[in-house]
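# Structure at a glance
This is what each chain is made of:
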Amino acid sequence: MSNTTIIINITRLVNVRGQSNLLSGAALADLPCIEDAFLLVEDGMIAEYGAMFELEIKVPQLPKYIIEAQGRFVLPAWCDSHTHLVFSASRENEFIDKIKGMSYAEIAVKGGGIINSAQKLNDVSEDELFNQAWKRLQEVSKLGTGAIEIKSGYGLSVAGELKMLRVIKKLKEKSNLLIKSTFLGAHTYPIQYRENHQGYIDSIINEMLPVIAGEQLADYIDVFCETGFFSPQEMETICKAGMAYSLRPKLHVNQLNSIGGIEMGLNLNAVSLDHLESLTREEIVQLGKQSNNNGNETICTLLPTAAFFLRMGFPDARALINAGCAVALASDFNPGSSPSGNMNLVVALSCIQMKMLPEEAINAATINGAYAMELGNETGSITVGKKANLIFTKPIPSLAYLPYCFGTNLIDRVMIGGEFI
Ligand code: NIG
Ligand code: FE
């Protein structure tokens, strides 16, 4: 019984599923738990679980390593399906500009925002970029994140985008976290292409994508579809080029305006459509009705810390859930609109500001987040055969206490692949 650990007397084992699937609409409120439970971890994987009264039958011979979890809740680690964790400098100057009254769009026009981050990123070495990103990855894993998607998009040049994606590849190699990589060359138009959009799109398609595919640097393709950034038609061209290399789209749409990104994203069979702060009634209905050709649903990924930080209206999570959508929650960790990768805060804000029930928010930040990275078979729930990525809480009275006590660190320990970090 080498590499075997048993966790006993868990006050509540959360999100226990014999078989998992993506949760849509009303199903999001169903969060199956076992009270007074045990969990067996073998070779980094969940091997068995059950109620304490079943322990003798299910695990006749106890392993040597026993962890006592009295008073504690054990949850699947967070699955953060939308981040820009690789960047080279913070942007608190813009934060001050915003306090003084400038808008996100105004800051972008005067060369701040993404362009500012791109300049900084192109100045640092790949090693330096890796070291900074590694620290952030350690930080978010201690906050309970066990799987994460990371985007490029602060290079905006062939060399810069490849540098970012190679850093993400190295993070994948070195980290025990489950990591997915997304190519976001179409984050904004670099200054030299402001008047020549086709020139930059050509560079993405002819210079970046072939190298990215050749070196297997990305799992997904993303485009920032927004007024002043990329139009739905430009997004279509770029995504189709990526899809020819088997990169499925995960897209930034409807953050600031509704310009047709949702309809196009659904036509492109996107894995997820992310942000959705600005939604029309018709778009909510469309998102609820959709079910793409393969029978997979396009997931609606909401990023409440970005709306919070930019002082924008929050996405209408209730309307999306009522319409039958599969909602996921993610941090959008980036230096401009969400300089925090804390998924505990994301869950709390979803309950406080978007009126999601704690059960809905936890499902959206675990199992649905896993599906938003196509990792639903590997993580996101307590299921035999999934990776033992677990959050151990401090003693808490109830599950609702987690989002209720927002800002208090209620995580005691985090286990990634069967090891405490
Ligand atoms: O998801 N909206 C576009 N991209 C990021 C922000 C990027 C930045 O400001 O650096 C986001 O919010
Ligand atoms: Fe983003």
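Reading the values: rules and limits
Residues numbered from 1 in each chain as written. Chains lettered and ligands numbered in written order. Predicted model: local features only at pLDDT ≥ 70, side-chain atom pairs only at ≥ 80, totals over all residues. Heavy atoms only, no water. Pairing = 2+ DSSP bridges. Helix = DSSP H or I, 4+ residues; strand = E, 2+ residues; numbered from the N terminus. Axes fitted to C-alpha atoms, helices over the stretch in contact; angles between N-to-C directions. Contact = heavy atoms within 4.5 Å. Salt bridge = Lys/Arg side-chain N within 4 Å of Asp/Glu carboxyl O. Buried < 20%, exposed > 50% of the residue type's maximum accessible area, 1.4 Å probe, protein only.

### Thoughts on the sheet that holds strand β9 (residues 220-225)
Strand order in the open sheet formed by eight strands is β6-β7-β8-β9-β10-β11-β12-β13, with parallel pairing between adjacent strands. A single partner strand is all that each edge strand has here, and the edge strands are β6 (78-80) and β13 (327-329). Neighbour to neighbour, the strand axes of the sheet diverge by 25° on average, direction disregarded. Sheet topology note: the strand β10 (residues 248-253)/strand β11 (residues 272-275) ladder contains four bridges and is parallel. What sits directly across from Leu251, in β11, is Leu273. Docked against the sheet, helix α8 (residues 232-243) engages β8 (178-186), β9 and β10, running at close to 170° with respect to β9.

### With respect to the pattern of salt bridges
This model, assessed by the stated rule, comprises 13 salt bridges. For Arg166, the salt bridge is made with Glu215, and the minimal N-O distance between the two is 2.7 Å. Note that Arg166 is positioned in helix α6 (residues 158-174) and Glu215 in the loop between α7 (197-214) and β9, a separation of 49 residues in sequence. We classify Glu215 as partly exposed; its relative accessible area is 29%. Its salt-bridge partner being Asp219, residue Lys172 comes within 2.8 Å of it at the nearest N-O pair. Separated by 47 residues along the polypeptide, Lys172 in helix α6 and Asp219 in the loop between α7 and β9 bring together distant segments of the chain. Lys172 sits in the partly exposed class, given a relative accessible area of 28%. Residue Asp219 is classed as partly exposed on the basis of its relative accessible area of 24%.

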